[in-house]
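# Coordinates in review
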Amino acid sequence: MGNLLLSVYKELQKNNPYAHEYMETVLEKVQVEKKSSKLTAVINSSRLLSFDAIEYFALFMHEKYPQFSIDVTNTFDKDNLSEKD
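The following paragraphs examine the structure supplied in this document. (Residues numbered from 1 in each chain as written. Predicted model: local features only at pLDDT ≥ 70, side-chain atom pairs only at ≥ 80, totals over all residues. Heavy atoms only, no water.)

### As for the overall build of the protein chain
Across its full length, the protein chain carries two helices and three strands. For the protein chain, the succession of helices and strands along the chain, N to C, is α-β-β-α-β. With 85 residues in all, the protein chain has 28% of them scored as buried. Restricting to contacts in the protein chain with at least 6 residues of sequence separation, those with at least 24 account for 60%. Put simply, the protein chain shows about 5,800 Å² of open surface, and 53% of that area lies on carbon and sulfur atoms. (Helix = DSSP H or I, 4+ residues; strand = E, 2+ residues; numbered from the N terminus. Buried < 20%, exposed > 50% of the residue type's maximum accessible area, 1.4 Å probe, protein only. Contact = heavy atoms within 4.5 Å. Areas by Shrake-Rupley, 256 points an atom, 1.4 Å probe, with all protein chains shown as cover.)

What follows is the structure in structure tokens.
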């Protein structure tokens, strides 16, 4: 699973217009359930990512794994939440 996370993260960084938003993020989990055709990804970041960045990631995962339904969660450090977030 670690190799999958690294390969997805490296591939995501190529030509990504939101790469600056992903600089302090960790792709914490990618879980694939083949029986139910579901893929779950958890991104952990120091601050809340923009909706566009999350949508870009979800579309990226959908193109990479079109046979799965995709759930993406952005967990973040609530202590760093500011008014601009």
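### Description of the nonpolar core
Val8, Tyr22, Ile43, Phe57 and Met61 are the most contacted members of the largest nonpolar core, which totals 16 residues. At the level of secondary structure, the elements contributing two or more residues to this core comprise α1 (2-13), β1 (25-33), β2 (38-45) and α2 (51-64). It is α2 that provides the largest number of residues to this core, a total of five residues. (Core = buried A, V, L, I, M, F, W, Y, C linked by side-chain atoms within 4.5 Å.)

### Notes on empty space enclosed by the protein
According to the stated counting rule, one finds one cavity of 30 Å³ or more in the structure shown. Considered as a void within the structure, the largest cavity measures approximately 30 Å³ in volume. Considering the residues around the largest cavity, the lining is formed by Tyr9, Leu12, Tyr22, Thr25, Val26, Leu27, Ile43 and Phe57. Of all elements in the fold, only α1 and β1 reach the threshold of two or more residues within the lining of the largest cavity. Ranked by residues supplied to the lining of the largest cavity, first place goes to β1 with three residues. Residue composition of the lining of the largest cavity, grouped by class: seven nonpolar, one polar and no charged. (1 Å grid on protein atoms, 1.4 Å probe; cavity = no way out; pocket = protein on both sides within 12 Å on 5 of 7 lines; lining within 4 Å. Points joined across faces, edges and corners; volume = space filled by probe spheres on them. Nonpolar A, V, L, I, M, F, W, Y, C, P; charged D, E, K, R; others polar.)

### A closer look at the pairing of β2
The buried fraction of β2 amounts to six of the eight residues, a majority that puts the element mostly inside the structure. With eight bridges connecting them, β1 and β2 associate as antiparallel partners. Along β2, the bridge assignment pairs Thr25 with Ser45. In this structure, the hairpin formed by β1 and β2 is closed by a connection of four residues, where Ser37 is found at a positive phi of approximately 55 degrees. One crossover worth recording links β2 to the parallel strand β3 (residues 69-76) by way of α2, and it is right-handed. (Pairing = 2+ DSSP bridges. Right-handed = clockwise from strand over helix to strand, strands pointing away.)

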